Each structure stands twice: as C-alpha cells, then as structure tokens.
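# An overview of the molecular structure
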Amino acid sequence: MGDELNWNKFLIVIIVILAGFMIVNIFMTFRARTSYTQVYYRAVYSYDYDGSVRTFTTARLVFDKYEDMLKVRDGINSESLDKKMDYYQKAVARIASNLDRTMHVVSFNSSATIVGGMLEISETSEIENFAAVDENGIVDTSLGSNKIQLRGEASVIVEVPQDAQILSVYPTPTEVTDNKFVWKGVGEIVFPKVRFTKK
C-alpha cells in the first residue's frame, strides 16, 4: 500500500508540475488509479540569460472521490523535500531525454490545500539548463518535440529578462505584455520556443 501511494504521488508531481507534457503512459496509469479533472492551470517560466528558469505553478483539480483528494493532499504535504526533489529531477530528466543538454533541479517545493471543494497545488522550482544557450549567447526555450495540453483555463507564461532582445516566438502567443508571452486555452501545442539575447 505504501509503494502504491508513493507511486501516485510521483505521478501527480509529474503531471501537475510539468504542465501536462504528453507522457501518455504515465498519465493513463495515474487516471486508472485516481479519477480527477484539471479545472485550472497556470505555469510561469521565468528565464535568465544562462538558460536557467524559475517556475511558479498553480493547478486546481476536482476529484470524483473526496477521499482520493485528501490522500493526494496529504501525500504531497507530508513527502520530504529530498524525495520531492528526487521525483522532480526524474520528471525533468524525462523531458530532457530527447534533447542535447542535461537539466539540473536546483530547488523545488510544493504544497496542496483544499479550496472550494478543489485541490489547489502550488509549486515553485529552479532548473539549470532548462533552455539552450548557443555560443553567441542566444537563449532558446524550445523543448524539442515535447508537447503540452492547454485546454480551458490552462495557460503557460514565458517571461524573459526586461532588457532582452526578442528574436523569435513560436507558436503565436494569445497575449503579449512587455517581456511576457502567454498561451492560454490553445489545446495541444509544442512547448513554446522563444529565442532571445542581450541587447
């Protein structure tokens, strides 16, 4: 029973933190164990010139069974920081498996609370080498063929430094504000590819 609970926690960490990356076998395994619906998702990826990123994520999930929601909440909140870091590093390694760089998780933390009958999960992290940086100092946020699902109230926001020169953005954002690019409710897309450098 303990191993099953740990596996469930590992799966929800992967699914929620990483904005629904298309890891179908993991997603389907989790769905078979616990039935839930994601009703809100907002992930901010704040990049620096060295390719590092800070992430700030909030997700709200509605569970078919209240006891399942309590188990997931308690599991996330009771897990040790070392184990959370380990789970997250493994999840990030999956994302980087088809890329030419190794990502390293510097910090990570998460918490879960019940708000209005929903489970709200808040997470923060810092990851080195999340973006590629070439010899000319051009930062590229692309994650190759990795895709994300952004349906309904789901959004991903890419922030670059205030003084950055933007070279290209793909796919077309739904909103642009200063140094922020927003994709919201656009369905399945490749993870945003924003290329920028210092002016």
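What comes next is a walk through the structure. (Residues numbered from 1 in each chain as written. Predicted model: local features only at pLDDT ≥ 70, side-chain atom pairs only at ≥ 80, totals over all residues. Heavy atoms only, no water.)

### Some remarks on the overall build of the chain
A count of helical and extended segments in the chain gives four helices and 13 strands. Split into buried and exposed, the 199 residues of the chain put 46% on the buried side. Intrachain contacts of the chain at a sequence separation of at least 6 include 67% that bridge at least 24 residues. Of the roughly 9800 Å² of accessible surface on the chain, 48% is carried by carbon and sulfur atoms. (Helix = DSSP H or I, 4+ residues; strand = E, 2+ residues; numbered from the N terminus. Buried < 20%, exposed > 50% of the residue type's maximum accessible area, 1.4 Å probe, protein only. Contact = heavy atoms within 4.5 Å. Areas by Shrake-Rupley, 256 points an atom, 1.4 Å probe, with all protein chains shown as cover.)

### Comments concerning the packing of aromatic side chains
How two aromatic rings sit relative to each other is set out by the distance from centre to centre and by the angle between their planes. Under the counting rule described, the total for this entry stands at six aromatic pairs. A ring pair is formed by Tyr-45 and Phe-130, whose centres lie 5.8 Å apart and whose planes are at 15°; its orientation type is stacked. Taken together, the residues span a long stretch of sequence, with Tyr-45 in strand E1 (residues 36–47) and Phe-130 in the loop between strand E4 (118–128) and strand E5 (132–133) at a distance of 85 residues. The pair formed by Tyr-45 and Phe-130 is uniform in burial state, with each residue classed as buried. Ring geometry for Tyr-47 against Phe-130: centres 6.4 Å apart, planes inclined by 35°, an arrangement best described as tilted. In this pair, Tyr-47 sits in strand E1 while Phe-130 sits in the loop between E4 and E5, placing the two residues 83 residues apart along the sequence. (Phe/Tyr/Trp six-rings, centres within 6.5 Å; stacked < 30°, edge-to-face > 60°.)

### Let's talk about the pairing of strand E11 (residues 180–184)
Bridge count between strand E8 (residues 154–159) and E11: five bridges; the pairing is antiparallel. The residue bridging Glu-159 from the neighbouring strand is Lys-180, located in E11. Sheet topology places strand E10 (residues 175–177) next to E11; three bridges connect them, and they run antiparallel. Along E11, the bridge assignment pairs Thr-177 with Lys-180. (Pairing = 2+ DSSP bridges.)

### Focus: the pairing of E4
Bridge analysis of strand E2 (residues 53–63) against E4 gives nine bridges, and the strand direction is antiparallel. The residue of E4 that forms the bridge with Arg-54 is Glu-126. The pairing of strand E3 (residues 104–115) with E4 spans eleven bridges and is classified as antiparallel. Bridge assignment links Ser-111 to a residue of E4, and that residue is Ser-122. Counted between consecutive antiparallel strands, the loop separating E3 from E4 contains two residues, among which Gly-116 sits at a positive phi close to 60°.

### As for the sheet that holds E5
On the basis of which strands lie adjacent, the open sheet formed by four strands has the order E5-E6-E13-E9 and antiparallel pairing. Each edge of the open sheet carries a strand with a single partner, namely E5 and strand E9 (164–170). Of the strand pairs in this sheet, E5 and strand E6 (residues 139–140) are connected by two bridges, and their pairing is antiparallel. Paired with Val-133 across the bridge in E6 is Val-139.

### Quick word on the side chain of Glu-159
Mapped onto the elements, Glu-159 comes out in strand E8. Other than its neighbours up to four places away in sequence, Glu-159 contacts Val-44, Tyr-45, Ser-46, Tyr-47, Asn-179 and Lys-180.

### Quick look at the sheet that holds E10
With mixed pairing, the seven strands of this open sheet are ordered in space as E3-E4-E2-E1-E8-E11-E10. Edge positions in the open sheet fall to E3 and E10, since each of these has one partner strand only. Averaged over all neighbouring strand pairs, the angle between strand axes comes to 15°, with direction disregarded. Seen against the sheet, helix H3 (residues 66–78) touches E2, E3 and E4 and runs at an angle of roughly 145° to E3. (Axes fitted to C-alpha atoms, helices over the stretch in contact; angles between N-to-C directions.)

From the geometry alone we can't say anything about function, so treat these as descriptive.
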